[in-house]
Amino acid sequence: MRPTFSIICFTVLSGIGYGAWFLIGLGVAVGPLCSAPGARCAIPFDSFAGWPVAFACVSVGLLCSLGHLGKPARAWRALSQWRSSWLSREGVFALVTFVPALALIVLSHADGLARLSGALLALGSLATVYCTANIYASLKPVRAWHDRHVMPAYLLLGLYGGSLLLHAAATLSGSPWRPERFVLLSGTIVLAAICGWVKQGYWRSIDAQPPVTPGRATGLEALGTVRAFEAPHTEENYLLHEMGFVLARKHARKLRAIALVAAFLGPAAFAALALALPAASTAAACVACASGIAGLVVERWLFFAEAKHAVTAYYQR
Amino acid sequence: MTTLPPPGAKKLGLVIDLDTCVGCHACAVACKEWNDGGQFGALPDEDPYGAQPHGVWFNRVHSYAVEVPGLVIGESGIARARAPDATSPASPIPDSPFPIPGLTVHFPRSCLHCETPACVTVCPTGASYKRAEDGIVLVDADKCIGCQLCAWACPYGAREFSMERGTMQKCTLCVDRIYNETLDEADRQPACVMACPTRARHFGDLGDPQSPVSKLVAEREGYALMPEYDYKPVNRYLPPRPRRGGCADAMTKASSPESLDTAQLPGVLRWLDRVLSR
């Protein structure tokens, strides 16, 4: 499938944005609140620092997704068919999640309401990314997407990217070291390992998928070996342009290695560095976050570009 | 509404005969011509007379070579598309310098108007819909946002996105012809069916077992494409009939002296053959 900038940008940015919002929401819902007498705000400062960055990621990601549309001005129509369409459900949850996200800031002084908003924010973020993953996982003709690893990968990678983002935002804002930071950092390292393991499993799984042959696609395989000898058209059409992308499969091994190192190994190493050397934690957090996001972009580019659509079998590609 | 309507009795669709299709592309051209000016048109092309023309066609005709290890003859005497068989041999004569005995199959590919089409249910806007009254799958161009998810959801490549219009387009089964009372009754058929010079395309109600198309499918063991996706295509393809004498036979004949089946001869010539053979 052709990897378009708009969709990669959308899935990566909104994924880590919702991941960060999930962590913030969860932290507020179940974590310790600021109980210092006279404190203006019940929410820990780390969460406050990460909130606007996550807001920016989510918003930019969602706006990017409009770039993929042929008629972006009609995007509002996409909210109507939530009964059958995962894309529609994703749109609904994406917008609805802004309500608890904003409520969290507005109600930050009120313990109970802040906790409720946090819980709703976490749930909304989770639901949105779940729907995003299902947009792809529900498409049977693209075997590499209709795979059991796709859903956990989207959820975990969003969470992981979110944790990198939160850590970078917290250190950059100069908030003092808090015990939550230790939980966040060690969590990031564990998540990096799990994400790398899931992606490895995903790649093993899609490599083992048998290709769709022209014989299967035409139903003529029972008669013998089917070979395309004349295409219906001499130039590329929409189908070949959109679904006949080959480059990524040619260089899959190298690109997968790059994704693994940049997205998971590198950031995990820098997170460990930040744990060991709190003095270097700001720089380490920034490098980890930048490397992680770059790695996730490569990973997502591969997710689209490596996937092969069944229709290419008619063209024997 | 992109949730599917309850299954209806009427299932309009096409039956395409792969035995008689000669790959002339008349159906594809007639389709483009009609639909460019039809109710769902236009079908604009990018760079139509330039080096890289690019545009939407609802119908594409592929051509395949089938290397035949021996046709499977069904009970009705028709070459049968049987279930995939992991033990079936690959090419019978690998790397042969001679022409490999086989079939040329021309394969028109268009929307199959599935009974449970994923292209409809994935649509976030309701632009994609399946008609309850006759099962035709259509796109409402005024609602389509051009997200292209429906094209991704279709394993048959039935939908093409129009860069010019910014919306998805697909076969309408010529819904603006088949119910068009300004046309003669004989002309109320899809343009591709009307254009086919070998009558390899048939249009009708596949939901009615007594319809001519349903009988044709039953008689010729018509099959659905890639049933494993469970989208339940309505259109059917009729498999190629076995070639006279079989394909492998033709190969033997090409490399050996002429053979004569004396049983086919009239009595006098059979006697002459016997006398001269002494």
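What you see is a predicted model, and the numbers here were worked out from it, not measured in a lab.

Here is what the cut-offs are and how they apply
Sequence order as written defines the numbering, with residues in each chain counted from 1. To label them, take the chains in the order written and letter them from A, then take the ligands in the order written and number them from 1. Whole-chain, interface and lining totals are the exception, using all residues; otherwise, since this is a predicted model, local features are given only for residues with pLDDT of at least 70 and side-chain atom pairs are given and counted only at 80 or more. Hydrogen atoms and water are omitted, and side-chain values are computed over all heavy atoms in the structure. Working definition: helices are DSSP H or I runs of at least four residues, strands are E runs of at least two. Numbering for both runs from the N terminus. Per-residue accessibility, obtained with a 1.4 Å probe over protein chains only, is compared with the maximum for each type, and a residue is labelled buried under 20%, exposed over 50%, and partly exposed between these values. In this description, contact between two residues means that some pair of their heavy atoms is separated by no more than 4.5 Å. By salt bridge we mean one thing: a side-chain nitrogen of Lys or Arg within 4 Å of a carboxyl oxygen of Asp or Glu. Here the quantity called buried area is the total loss of accessible area, with a 1.4 Å probe, experienced by two parts when brought into contact, counted for both. Polar contact criterion, stated in full: a pair of N or O atoms within 3.5 Å, where within protein one must be able to donate a hydrogen and the other to accept it, and residues adjacent in sequence count only if both atoms are side-chain atoms. Polarity classes work like this: nonpolar for Ala, Val, Leu, Ile, Met, Phe, Trp, Tyr, Cys and Pro, charged for Asp, Glu, Lys and Arg, and polar for all others, with Gly in that last group. Strands are labelled as partners when DSSP assigns at least two bridges between them. With axes taken as lines fitted to C-alpha atoms, and helix axes fitted only over the stretch in contact, angles between N-to-C directions fall between 0 and 180 degrees. Here the expected length of a helix is defined as 1.5 Å per residue gap, with one fewer gap than residues. Bend is the name given here to the angle between axes fitted to two runs of seven residues, the run ending at a residue and the run starting at it. Think of a nonpolar core as a cluster: buried Ala, Val, Leu, Ile, Met, Phe, Trp, Tyr and Cys residues, connected wherever their side-chain atoms sit within 4.5 Å. Within the patch definition used here, like charges are joined within 9 Å and nonpolar side chains (Val, Leu, Ile, Met, Phe, Trp, Tyr) within 5 Å, considering only residues with over 30% relative accessible area and no salt bridge. Using a 1.4 Å probe, the Shrake-Rupley method yields the accessible areas, and only the shown protein chains count as cover for residues. Per-residue confidence from the predictor is reported as pLDDT, which spans 0 to 100. Here is the rule for angles: anything less than 35 degrees is roughly parallel, anything more than 145 is roughly antiparallel, 65 through 115 is roughly perpendicular, and the remaining ranges are oblique. A crossing counts as left-handed when the near helix is turned anticlockwise from the far one by less than a right angle, and as right-handed when that turn is clockwise.

## Focus on the overall build of chain B
For step 1, the next point in the chain: For chain B, the count of helices and strands is 8 helices and 11 strands.
For step 2, the next point in the chain: Out of the 278 residues in chain B, the part that is buried amounts to 49%.
For step 3, the next point in the chain: When contacts within chain B are restricted to residue pairs at least 6 apart in sequence, those whose partners lie at least 24 apart make up 67%.

## Quick notes on the pattern of salt bridges
Pairing between side chains becomes possible if they bear opposite charge and their charged atoms approach one another.
All names here are of chain B.
For step 1, the next point in the chain: All chains considered together, the criterion is met by 16 salt bridges over all chains.
For step 2, the next point in the chain: For Arg241, the salt bridge goes to Asp19, with nearest N and O atoms at 2.8 Å. Of this pair, Arg241 sits in the loop between β11 (236-238) and α7 (247-255) while Asp19 sits in the loop between β1 (12-17) and α1 (26-37); the two residues are 222 residues apart in sequence, bridging distant segments of the chain.
For step 3, the next point in the chain: Here Lys232 and Asp230 are joined by a salt bridge, their closest N and O atoms 3.5 Å apart.

## Description of the interface of chain B and chain A
For step 1, the next point in the chain: With 72 residues of chain B at the contact, the number on the chain A side is 58 residues.
For step 2, the next point in the chain: Summing both sides of the interface, chain B and chain A together bury roughly 5,200 Å²; the carbon and sulfur share of this comes to 60%.
For step 3, the next point in the chain: The largest contributions to the chain B side of the interface with chain A come from Tyr64, Ile145 and Trp152 of chain B, which together make up 16% of the buried area.
For step 4, the next point in the chain: Across the chain B-chain A interface, the total number found is 2 salt bridges.
For step 5, the next point in the chain: Salt-bridge contacts for Arg227 of chain A lead to Glu67 of chain B; the nearest nitrogen and oxygen are separated by 3.1 Å.
For step 6, the next point in the chain: Run the count over chain B and chain A and you get 28 residue pairs in polar contact (both at pLDDT 80 or more).
For step 7, the next point in the chain: Of all the secondary structure elements, the ones that give two or more residues to the side of chain B that touches chain A are β4 (60-67), β5 (102-109), α3 (149-153), β8 (160-162) and β9 (167-169) of chain B.
For step 8, the next point in the chain: Sorting elements by how many residues they give to the side of chain B that touches chain A places β4 of chain B first, with 8 residues.
For step 9, the next point in the chain: Considered class by class, the residues forming the side of chain B that touches chain A number 43 nonpolar, 17 polar and 12 charged.

## Some words on the sheet that holds strand β10 (residues 201-205) of chain B
All names here are of chain B.
For step 1, the next point in the chain: Pairing within the open sheet is mixed, and its 3 strands lie in the order β10-β1-β11. Strands at the two margins of the open sheet, each flanked by one partner only, are β10 and β11. Direction aside, the axes of adjacent strands within the sheet are offset by 25 degrees on average.
For step 2, the next point in the chain: For β1 and β11, the ladder comprises 3 bridges, and the chain directions are parallel. Pairing of Ile16 across the sheet is with Tyr237, part of β11.
For step 3, the next point in the chain: Sitting on the sheet, helix α6 (residues 212-220) is in contact with β1, β10 and β11, with an inclination near 120 degrees to β10.

## A few points about the pairing of β4 of chain B
For step 1, the next point in the chain: With 8 of 8 residues buried, β4 of chain B lies mostly within the body of the structure.
For step 2, the next point in the chain: Residues of β4 of chain B alternate between two faces, with Arg60, His62, Tyr64 and Val66 of chain B on one and Val61, Ser63, Ala65 and Glu67 of chain B on the opposite face, all of them buried.
For step 3, the next point in the chain: Here strand β1 (residues 225-230) of chain A runs beside β4 of chain B; their pairing, made up of 5 bridges, is antiparallel. Along β4 of chain B, the bridge assignment pairs Glu230 of chain A with Ser63 of chain B.
For step 4, the next point in the chain: Here β4 of chain B runs beside β5 of chain B; their pairing, made up of 8 bridges, is antiparallel. Following the sheet pairing, Arg60 of chain B is matched in β5 of chain B by Arg109 of chain B.

## Quick notes on helix α10 (residues 252-276) of chain A
Because each turn of an α-helix spans 3.6 residues, side chains separated by three or four positions in sequence point in the same direction.
For step 1, the next point in the chain: Between the first and last C-alpha of α10 of chain A there are 35 Å, a value that for 25 residues agrees with the 36 Å anticipated at 1.5 Å per step.
For step 2, the next point in the chain: The largest bend along α10 of chain A measures about 35 degrees and falls at Val261 of chain A.

## Overview of the nonpolar core
For step 1, the next point in the chain: Judged by nonpolar contacts, the single largest core of 139 residues is most densely connected at Trp21, Tyr136, Trp145, Phe264 and Tyr314 of chain A together with Trp152 of chain B.
For step 2, the next point in the chain: Considering every element that reaches this core, the biggest residue donor is helix α1 (residues 5-30) of chain A, with 12 residues.
For step 3, the next point in the chain: Leaving out residues up to four positions away in the same chain, Tyr136 of chain A has contacts with Ile7, Phe10, Thr11, Trp145, His146, Tyr154, Phe303 and Phe304 of chain A together with Trp152 of chain B.
For step 4, the next point in the chain: By size, the runner-up hydrophobic cluster in this structure holds 7 residues, among which are Val15, Leu206, Val217 and Leu238 of chain B.

## Notes on a nonpolar patch on the surface
Residues and elements named next belong to chain A.
For step 1, the next point in the chain: A grouping of Leu113, Leu116, Leu120 and Leu123 is seen on the molecular surface, where their side chains present a nonpolar patch of about 390 Å² in accessible area.
For step 2, the next point in the chain: One can find Leu120 in helix α4 (residues 111-137).
For step 3, the next point in the chain: Take Leu120: its relative accessible area is 44%, and that puts it in the partly exposed class.

## Some details on the confidence of the model for chain B
All names here are of chain B.
For step 1, the next point in the chain: Summary statistics for chain B give a mean pLDDT of 85 and a share of 82% for residues scoring 70 or more.
For step 2, the next point in the chain: In this model residues 70-100 is a low-confidence stretch, pLDDT under 50, and it forms 50 contacts with partners more than four residues away in sequence or in other chains.
For step 3, the next point in the chain: We note a pTM of 0.87 for the whole complex and an ipTM of 0.91 for its interfaces.

## Observations regarding the pairing of β1 of chain B
Residue and element names in this part refer to chain B.
For step 1, the next point in the chain: Judged by how many residues are buried, β1 sits mostly within the fold: 6 of 6 residues are covered.
For step 2, the next point in the chain: Residues Leu12, Leu14 and Ile16 point to one face of β1 and Gly13, Val15 and Asp17 to the other, with burial holding for every one of them.
For step 3, the next point in the chain: With 5 bridges connecting them, β1 and β10 associate as antiparallel partners. Bridged to Leu12 within β10 is Asp205.

## Topic: the environment of Gly292 of chain A
All names here are of chain A.
For step 1, the next point in the chain: By the element assignment, Gly292 lies in helix α11 (residues 281-305).
For step 2, the next point in the chain: Judged by its relative accessible area of 0%, Gly292 is buried.
For step 3, the next point in the chain: Taking the C-alpha atoms as reference, Gly292 lies 26 Å from Gly31; in sequence the two are 261 residues apart.
For step 4, the next point in the chain: Apart from the residues lying within four places of it in its own chain, the contact partners of Gly292 are Leu164, Ala262, Ala263 and Pro267.

## Structural notes on the packing of α1 of chain A against helix α3 (residues 86-106) of chain A
Residue and element names in this part refer to chain A.
For step 1, the next point in the chain: Close contact between α1 and α3 brings their axes to 12 Å; oriented N to C, the two are set at 40 degrees. Between α1 and α3, the crossing angle belongs to the class labelled oblique. Taken as a pair, α1 and α3 cross one another with a handedness that is left-handed. Of α3, the residues touching α1 (which contributes Phe10, Tyr18, Trp21, Ile24 and Val28) are Glu90, Ala94, Thr97, Phe98, Ala101 and Leu104.

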